[in-house]
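Notes for the structure review
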Amino acid sequence: MRVSNFFESASRAFRDNPNLYKLIVVCTVSGGGLLGLSEIKRSSSSGGSGTEAKKKVVVLGTGWAGTSFVKNLKSSSYEVEVVSPRNYFAFTPLLPSVTCGTVEARSVVEPIRNIVSKKGINIEFKEAECYKIDTDKRKVYCISNQNTNLGGGQQEFSVDYDYLVIAMGARSNTFNTPGVVENCHFLKEVEDAQRIRRTVIDCFERASLPNLSEEERKRILHFVVVGGGPTGVEFAAELHDFVLEDLARLYPNVKDLAKITLLEAEFDKRITAFAEEKFQRDGIHLKTGSMVVKVEDKHISTKERSTGVVSEIPYGMVVWSTGIGTRPVIMDFMKQIGQTNRRALATDEWLRVEGCKNVYGLGDCATINQRKVMEDISVIFSKADKNSSGTLNLRDFQEVVEDICERYPQVGLYLKKRQMRDIAHLLKSSQGEKQGTELDIAFFKSALSEVDSQMKNLPATAQVAAQQGEYLANCFNRMEECEKNPEGPLRFRGTGRHRFRPFRGTSILGSLLHWEVNKLQLNYPGTGFQLVIAPNGSGIQCMQASKLAHKGAGGIGLGKAVHFWKGL
């Protein structure tokens, strides 16, 4: 009797708790034994309460934007797959330091599998390169990039997606200059930095061989940096310190023959004089106003912008650092979706690729196409004019002021430039002696006609890319919540509100802390990084402010004035 009661209780337990899928029952009857095994599989349709399939998010790239997105994604509502030819995240601001051995390559990378393994959600990684994106079929086509000596050749496969995050970065921009790809070094990847370091050593070894003329030795030890941006300037400074402090001791016979030249077509006039004086004092030759027209195996051809005179510069190694260009796969994708004649993938303020559904663009491969106020001026006026009278007063306008400032950031920049408190102040000042009268659409357009002049694109920096990845991950984390309770500004060309607030990055140029005699120190808000520009030759260095350390106390010396420890 008791046995039957037990089985009845067990049966009810299975019905009430379908998650129980196995039960082993062992009981003895008159010295004998009875073993029972019951197994029940979960039913996805039992009672109509089956588990919904997870949406699949595919992330292309493991740079600043893609890694930041993965690290900040916390919702378990998605199945995430990361595809990238690089199976690690690289701290790119320290690549110039890797070229000269100030920092070891292993110190600036973190395996992407380590990052995803720490997440509490399902994330897979595939080491492959995406070569095609098909938004109609919602597929990305990839090819493996492992060494073909492993056997089987390169493997091609496709990945389906519900949401696609494109964070593939950019390539070095050669401006189609002949000979650049064949003869120049770039500085975009860790492998590039290691290759540059080997070449510098090879140049000194080559110049130390006998039976070489003095002129040939000078050519071999002439290092040319093309591009006066942050990377080019920093590398020139790092190379100068490397040659002066390390290689001069190892190669005393040729140390005086080494020369570093920085070529820049157009420096900012405000810093040209300072840069020339500073570099010349440190032994770096700065040549401005010259445009590279051709690169051959032993010399560079440059053209003076003012006179048009073409001259040749002999060299031993050239590092090309002239900005970023669009990757071929992104160019093909842009043509596919009708975004031709652009240098980067166009997105809206929510990082959604224009012309595509559920596709997002982050980092250097994309740029935000901020809408102009004057494009929407009529619908903005209509939203404020609720009674459709054709005119509105300041009270009517107050209800949409905050939405306008949030939707169009150039409004806030314009008010700040004009030293005005808000839009109401702008409208009042535009009214002049007619204050108190109602505003019509013509006056409204006139008052806001100059607002769009303050539109500015965020720079293509690691800082902005990391902020975009974090922003988009937070949007995915709150997707269901914001579907029910939108938190964004009014839809001026529609009804209701946007689900999320638009992305508003912070530029490093707006984070100036202070000038000092020896350095300019800036802050990376929200990332924990600082940037130090030390004009005494240590270049630009990024580090984590919370891990300051001095040389001799477990840290790494990164220049004469400032010693910091890098961190992530």
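First, a word on what this report is: a plain description of the structure on this page. The residue numbering used here restarts from 1 in each chain and proceeds along that chain's sequence as written. It should be noted that, the model being predicted, local features are given only for residues of pLDDT at least 70 and side-chain atom pairs only at 80 or more, the latter also being counted only at that level, while totals for whole chains, interfaces and linings use all residues. The basis for the side-chain values is all heavy atoms of the structure; hydrogens and waters are excluded.

**Here we look at helix α6 (residues 190–207)**
In this description a helix means any DSSP run of H or I spanning at least four residues, a strand means any run of E spanning at least two, and both kinds are numbered starting from the N terminus. To estimate the expected span of a helix, subtract one from its residue number and multiply by 1.5 Å. Between the first and last C-alpha of α6 there are 26 Å, a value that for 18 residues agrees with the 26 Å anticipated at 1.5 Å per step. Listed as buried for α6 are Val 190, Asp 192, Ala 193, Ile 196, Thr 199, Val 200, Cys 203, Phe 204 and Ala 207. Residue burial is assigned from relative accessible area. The probe radius is 1.4 Å, only protein chains are included, and a residue is buried under 20% of its type maximum, exposed over 50%, and partly exposed in between.

**Re the pairing of strand β15 (residues 290–295)**
Only strands that DSSP links by at least two bridges are regarded as paired with each other. Bridging between β15 and strand β16 (residues 299–304) involves 5 bridges; their strand directions are antiparallel. Residue Lys 294 lies in a different strand from β16, and its bridge partner there is Ser 301. Where β15 hands over to β16, the hairpin turn is made up of 3 residues, counted between the paired strands.

**A few points about the packing of aromatic side chains**
Note on ring pairs: Phe, Tyr and Trp rings are taken, using the six-membered ring of Trp, and paired if centres are within 6.5 Å. Classes follow the plane angle, with under 30 degrees stacked, over 60 edge-to-face and the rest tilted. Under the counting rule described, the total for this entry stands at 11 aromatic pairs. Centre to centre, the rings of Phe 69 and Phe 476 are 5.5 Å apart; their planes meet at 85°, and the pair counts as edge-to-face. You can see Phe 69 sitting in helix α2 (residues 64–72) and its partner Phe 476 sitting in helix α16 (residues 462–477), a full 407 residues away along the chain. Neither residue differs from the other here; Phe 69 and Phe 476 are each classed as buried. Here a set of aromatic residues connected by ring pairs shows up, and it is made of Phe 69, Tyr 78, Tyr 163, Tyr 360 and Phe 476.

**Description of the packing of α2 against α16**
One can describe the packing of α2 onto α16 by two numbers: an axis separation of 7 Å at closest approach and a directional angle of 35°. Classified by chirality, the crossing of α16 by α2 is right-handed. Of the residues in α16, those in contact with Trp 64, Ala 65, Ser 68, Phe 69 and Asn 72 of α2 are Ala 462, Ala 465, Ala 466, Gly 469, Glu 470, Leu 472, Ala 473, Phe 476 and Asn 477. Note on residue classes: Ala, Val, Leu, Ile, Met, Phe, Trp, Tyr, Cys and Pro are nonpolar, Asp, Glu, Lys and Arg are charged, and everything else, Gly too, is polar. Among the residues forming the contact of α2 with α16, the class breakdown is 9 nonpolar, 4 polar and 1 charged. The convention used is that axes are lines fitted to C-alpha atoms, helices contributing only their stretch in contact, and that angles between N-to-C directions extend from 0 to 180 degrees. Working rule for handedness: look at the near helix, and if it is turned counterclockwise from the far one by less than a right angle, call the crossing left-handed; if clockwise, right-handed. Note on contacts: a residue pair qualifies if any of its non-hydrogen atoms lie within 4.5 Å across the two residues.

**Details of the sheet that holds strand β17 (residues 310–314)**
Read from one edge to the other, the open sheet built from 3 strands follows the order β15-β16-β17, with strand pairing classed as antiparallel. A strand with exactly one partner marks an edge of an open sheet, and here the two such strands are β15 and β17. On average, each strand axis in the sheet is tilted by 35° relative to the strand beside it, whichever way the strands run. The pairing of β16 with β17 spans 5 bridges and is classified as antiparallel. Looking at the pairing, Lys 303 lines up with Val 310 of β17.

**Description of the side chain of Thr 174**
Turning to its location among the elements, Thr 174 is positioned in the loop between β11 (171–172) and α5 (180–183). Not counting residues up to four positions away in its chain, the partners in contact with Thr 174 are Val 180, Val 181, Phe 186 and Trp 320.

**Overview of the packing of α6 against helix α8 (residues 230–250)**
Where α6 meets α8, the closest approach of the two axes is 13 Å, and the angle between their N-to-C directions is 45°. The angle between the axes of α6 and α8 places the two elements in the oblique class. In this structure, the crossing between α6 and α8 has a hand that is right-handed. Each of Ile 196, Arg 197, Val 200, Ile 201 and Phe 204 in α6 lies in contact with α8, whose residues at this interface are Phe 235, Leu 239, Phe 242, Val 243 and Leu 247. Angle categories: roughly parallel below 35 degrees, roughly antiparallel above 145, roughly perpendicular from 65 to 115, and oblique for all the rest.

**Some remarks on empty space enclosed by the protein**
Of the grid points, spaced at 1 Å and generated over the protein atoms alone, those admitting a 1.4 Å probe that cannot get out make up cavities, while open sets with protein on both sides within 12 Å along at least five of seven lines make up pockets; any residue with an atom within 4 Å of a point is treated as lining. Grid points are joined across faces, edges and corners, and a volume is the space filled by probe spheres set on the points. The final tally for this structure, using the stated rule, is 2 cavities of 30 Å³ or more. Approximately 100 Å³ is the volume found for the largest cavity. As for the largest cavity, its lining consists of Trp 350, Arg 352, Tyr 360, Tyr 471, Leu 472, Cys 475, Phe 476, Met 479, Arg 491, His 498, Arg 499 and Phe 500. Element by element, the count of residues in the lining of the largest cavity is highest for α16, at 4 residues. Looking at the lining of the largest cavity residue by residue, the class counts come to 8 nonpolar, 1 polar and 3 charged.

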